[in-house]
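# Structural overview
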Amino acid sequence: MYEDLLNIVLGVVATGVSASLGWIARTALWRRRLRRKQAFFGLPGNAECLLVVNREAGSESAVHRFDVFALLELSALVKDCGAHARITHHDTAQQGFGERTEFCLGGPYSNRRMAAHLSTLLPGVRVNTEVEESPERGAFTIGTEVYPVDAGSSEYVLLARLTAGEGARPVFLFCGQRAITNQAATRYLVRHHEKLAREHGTDGSFVLLLKVVNSQAYGPDVVELVADVTRQARTAPAPAPAPEAV
């Protein structure tokens, strides 16, 4: 009976030790993944970040519903990092970059800050912002390649992580041809941030061109990676040759 009791006690102790070691290992892995996530997004505990959005056409304060969905996904991500988010409209975010992490949503036609970021950080990207309806409206030109809009069927969005300025906190850009593509890009980032951190490092810059497929049927869920266009997007186009003197 003594041996049976001893075996039971030893079994309980062994189970307890195994459970403790498993808990310690899981906690260490969770903390390691959290630190890597915080480093990739530039969001240490209790840090503040900026969520910059445009205004819906014809409104003084409303945000497009797809951009609201994107903000919700980003807010959850920020909370997971133990940080805090401040939402501001594009025409009131008058500050530099690098001091705090920034997530900027919207195309340059409706988001002045996005237009400034493209001009300063991605001189190789041009977006057709014509107001009049035309086949070229909203098209992206990256280097020498042109990516037109086929609304509801085939649409493009740029997802970028860039570091510049003092403090070197990253700026994330979600520059889409339509509002639903902005949400698609934020969802892609949330789902694939670990893979992106492995490929580009937790402090690297990248510019990805994504294609949103058949959004009228699938919403923002079906997204294809078209290409890594970092080099083309960050390279200013060569100046046009000066006309020859007559």
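Residues numbered from 1 in each chain as written. Predicted model: local features only at pLDDT ≥ 70, side-chain atom pairs only at ≥ 80, totals over all residues. Heavy atoms only, no water.

### Let's talk about the pattern of salt bridges
Heads up, the rule is: We define a salt bridge as a side-chain nitrogen of Lys or Arg found within 4 Å of a carboxyl oxygen belonging to Asp or Glu. Secondary structure follows DSSP: runs of H or I at least 4 residues long count as helices, runs of E at least 2 residues long count as strands, and numbering of each begins at the N terminus. Any residue under 20% of the maximum accessible area for its type is buried, any over 50% is exposed, and the rest in between are partly exposed; the area is computed with a 1.4 Å probe on protein chains only.
Counted by the stated rule, this structure contains 9 salt bridges. Among the salt bridges present, the one from Glu 48 reaches Arg 100, with a minimum N-O distance of 2.5 Å. Separated by 52 residues along the polypeptide, Glu 48 in strand β1 (residues 48-53) and Arg 100 in the loop between β2 (84-89) and β3 (102-105) bring together distant segments of the chain. Residue Arg 187 pairs with Asp 221 through a salt bridge whose shortest N-O separation is 2.3 Å. Residue Arg 187 is located in helix α4 (residues 179-200), and its partner Asp 221 is located in the loop between α5 (215-218) and β10 (223-228); the two are separated by 34 residues in the primary sequence. Assessed through its relative accessible area of 39%, Asp 221 is described here as partly exposed. Ionic contacts of the salt-bridge type, sharing partners, join the residues Glu 73, Arg 187, Arg 191 and Asp 221 into one network.

### Re the side chain of Thr 186
We apply this condition: Should any heavy atoms of two residues lie within 4.5 Å, those residues are counted as being in contact.
Take Thr 186: it is sitting in helix α4. Apart from residues lying up to four places away in sequence, Thr 186 is in contact with Ala 70, Leu 74, Leu 105 and Phe 174.

### Remarks on the environment of Ala 184
Mapped onto the elements, Ala 184 comes out in helix α4. According to the relative accessible area criterion, Ala 184 is buried, its value standing at 0%. A C-alpha to C-alpha distance of 8.1 Å links Ala 184 and Gly 219, two positions 35 residues apart in sequence. Each residue touching Ala 184, except ones within four places of it in the same chain, is listed here: Val 212, Pro 220 and Val 223.

All we've got here are geometric facts, nothing functional implied.
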